[in-house]
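Architecture at a glance
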Amino acid sequence: MASKSQVQHNPAITGEVDLKNALHILPERFQPWRPAILSYTASLSSTIAGYPLDSIKTRMQTHPFKGILDCFTKTIQKEGLRGLFRGLMAPLMSSSVAKAIGVTVYTDVKPYAARLQHYTFKPLTVPATASSQMKAVILAANNAPLSFLAGASSGAACALFACPFEFTKLFQQLYVLMQDELHLSPRRMPKTTWQVAKQIKRQEGIMGLYSGFRLHLIRDAAGTALYFSVYETAKILIDGVTGKDCVIPGTSIPTGPLSIAVAGALSGVLSWVLVFPLDTVKSLTQRDIVSNIIRGLALKPRQPILLRKWSIPSRKMYRGLSVSITRSVITSVVFFSSFEWLMKHIA
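Residues numbered from 1 in each chain as written. Predicted model: local features only at pLDDT ≥ 70, side-chain atom pairs only at ≥ 80, totals over all residues. Heavy atoms only, no water.

**Digging into the packing of helix α1 (residues 34-62) against helix α3 (residues 89-120)**
Angle between the axes and distance between the axes are the two parameters that describe a pair of packed helices. Remark: α1 packs on α3, axes separated minimally by 8 Å, with the N-to-C direction vectors making an angle of 140°. As judged from the angle between their axes, α1 and α3 are oblique. Considering how the two elements wind past one another, α1 and α3 form a crossing that is right-handed. Along its contact with α1, which presents Pro35, Ala36, Ser39, Tyr40, Ser43, Leu44, Thr47, Ile48 and Tyr51, the element α3 presents Pro91, Leu92, Ser95, Ser96, Val97, Lys99, Ala100, Val103 and Thr104. Here the residues of the contact of α1 with α3 sort into 11 nonpolar, six polar and one charged. (Axes fitted to C-alpha atoms, helices over the stretch in contact; angles between N-to-C directions. Helix = DSSP H or I, 4+ residues; strand = E, 2+ residues; numbered from the N terminus. Parallel < 35°, antiparallel > 145°, perpendicular 65-115°, else oblique. Left-handed = near helix turned anticlockwise from the far one by under 90°. Contact = heavy atoms within 4.5 Å. Nonpolar A, V, L, I, M, F, W, Y, C, P; charged D, E, K, R; others polar.)

**As for α3**
End to end, α3 covers 44 Å across 32 residues, agreeing with the expected 46 Å (1.5 Å per residue, within 8%). Maximal helix bending in α3 amounts to about 25°, located at Lys110; proline Pro111 follows within four positions. (Expected span 1.5 Å × (residues − 1). Bend = angle between axes of the 7 residues up to and from the residue.)

**A short note on α1**
With 29 residues, α1 extends 39 Å from end C-alpha to end C-alpha; this agrees with the ideal 42 Å at 1.5 Å per step. Its axis deflected by about 50° at Tyr51, α1 carries its strongest bend there, up to four residues before the proline Pro52. Of all the 29 residues making up α1, 21 are buried; the element is thus mostly covered by neighbouring parts of the structure. (Buried < 20%, exposed > 50% of the residue type's maximum accessible area, 1.4 Å probe, protein only.)

**Re the confidence of the model for the protein chain**
When pLDDT is averaged along the protein chain, the result is 79, and 84% of the positions lie at 70 or above. A low-confidence stretch, residues 1-19 stays under pLDDT 50, and its non-local contacts, those more than four residues away or across chains, total 41 contacts. (pLDDT = per-residue confidence, 0-100.)

**Topic: the packing of aromatic side chains**
On inspection of all chains with the given rule, the structure shows nine aromatic pairs. Here Tyr210 and Phe213 contribute two aromatic rings whose centre-to-centre distance is 5.6 Å and whose plane-to-plane angle is 75°, an arrangement assigned as edge-to-face. Note on Tyr210: relative accessible area 28%, which makes it partly exposed. Clustering of aromatic rings is evident, with ring pairs tying together Tyr106, Tyr227, Phe228, Tyr231, Phe335, Phe336 and Phe339. Positioned over the ring face of Phe335 is Lys99, at 4.3 Å from the centre of the ring. (Phe/Tyr/Trp six-rings, centres within 6.5 Å; stacked < 30°, edge-to-face > 60°. Lys NZ or Arg CZ within 6 Å of the ring centre and 35° of its normal.)

**Re the environment of Ile289**
Its place among the elements puts Ile289 in helix α7 (residues 255-297). Placed 14 residues apart in sequence, Ile289 and Gln303 show a C-alpha to C-alpha distance of 8.9 Å. Contact partners of Ile289, with chain neighbours within four places excluded, come to Phe167, Glu204, Ser211 and Ile305.

**What about the pattern of salt bridges?**
As enumerated under the stated definition, the model contains 13 salt bridges in all. Asp70 serves as the salt-bridge partner of Lys74, at 3.4 Å between the closest nitrogen and oxygen. With Lys74 and Asp70 both in helix α2 (residues 68-79) and four residues apart, the pair spans about one turn of that helix. The exposure class of Lys74 is partly exposed, given its relative accessible area of 42%. Asp70 sits in the buried class, given a relative accessible area of 18%. With its nearest N and O atoms 2.9 Å apart, the salt bridge here joins Glu166 to Arg219. One end of the pair, Glu166, is in helix α4 (residues 132-182); the other, Arg219, is in helix α6 (residues 213-240), and 53 residues separate them in sequence. Look at Arg219 and you get buried, because its relative accessible area is 8%. Counted as one network, the salt bridges with shared partners bring together Asp54, Lys57, Glu166, Lys169, Arg219, Asp220, Asp279, Lys282 and Arg327. (Salt bridge = Lys/Arg side-chain N within 4 Å of Asp/Glu carboxyl O.)

Right, dumping it as structure tokens:
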């Protein structure tokens with residue numbers, strides 16, 4: 001067990017570094033980039049773990065499958081297991097970098113948000129006689145708006161980088177379905193991420209890679225704000241019930257891994273419930289653009305892009321929510337568990 005002098009706390013990211021038991025200490029020149037490096041590493045595993053469910057989610061949002069099983073079965077029958085991983089390279093490259101950018105922006109913005117908090121409204125003070133549970137509640141209440149603001153900034157920064165990659169990913173996820181609708185020969189279809197990007201640029205211009213960016217920006221800013229604020233709030237509250245032995249009172253269950261898993265799952269579920277209608281509208285808008293690109297390859301006339309107005313979310317806009325929540329829980333738990341473990345053991 002490391003002594004207090006051997007443990008470093010990072011106020012911007014929950015977790016701690018055990019210098020005594022560190023598996024590796026990064027060179028000094030890499031220390032400022034430590035959260036970015038570790039979040040990139042953690043994101044690789046979470047992206048691979050959740051990608052098949054992301055593929056099913058996109059297909060269900062844009063095509064009338066009867067349900068998750070129907071979508072899964074027809075994809076396997078027509079495209080094989082490979083169909084569920086089609087387009088993986090784009091998010092594997094982009095999501096990991098986006099996570100690194102997001103965590104870096106989050107950790108950099110949060111101290112400024114704390115300063116802003118002192119100018120706008122004073123944080124709640126902790127009474128000297130407060131119990132550990134009450135201290136946790138007050139700490140969570142003070143931390144939540146900081147995490148929300150830093151998370152929104154993080155999401156906006158990620159959207160600027162990730163939008164072109166996500167659009168090429170969606171193209172690759174949908175082109176097999178859409179070439180059947182348009183009776184297009186597969187031999188003329190771009191298949192690699194680079195080929196897809198070049199084809200989008202050729203037909204839509206360089207800004208075509210940012211198709212649906214406005215919706216992407218709003219989705220990521222709102223979703224990431226809730227993602228980080230729910231995660232840190234839940235983790236603080238769960239850790240607040242721990243005893244001095246770092247276990248749930250009356251049990252031998254350690255709170256550390258449990259709080260990370262539960263907080264990660266909650267953050268994934270609640271953030272997706274909030275932004276899923278936006279994600280559906282974005283996917284449908286980008287689907288229309290993909291359709292026109294494929295029509296161009298098939299020498300068929302382009303169709304006008306539907307202007308989808310803002311409205312109260314309907315049940316149809318939540319098609320694929322269950323699979324998206326399942327994916328989000330898996331990726332959130334894998335990411336935060338990996339990230340917190342790396343933050344603790346890579347100094």
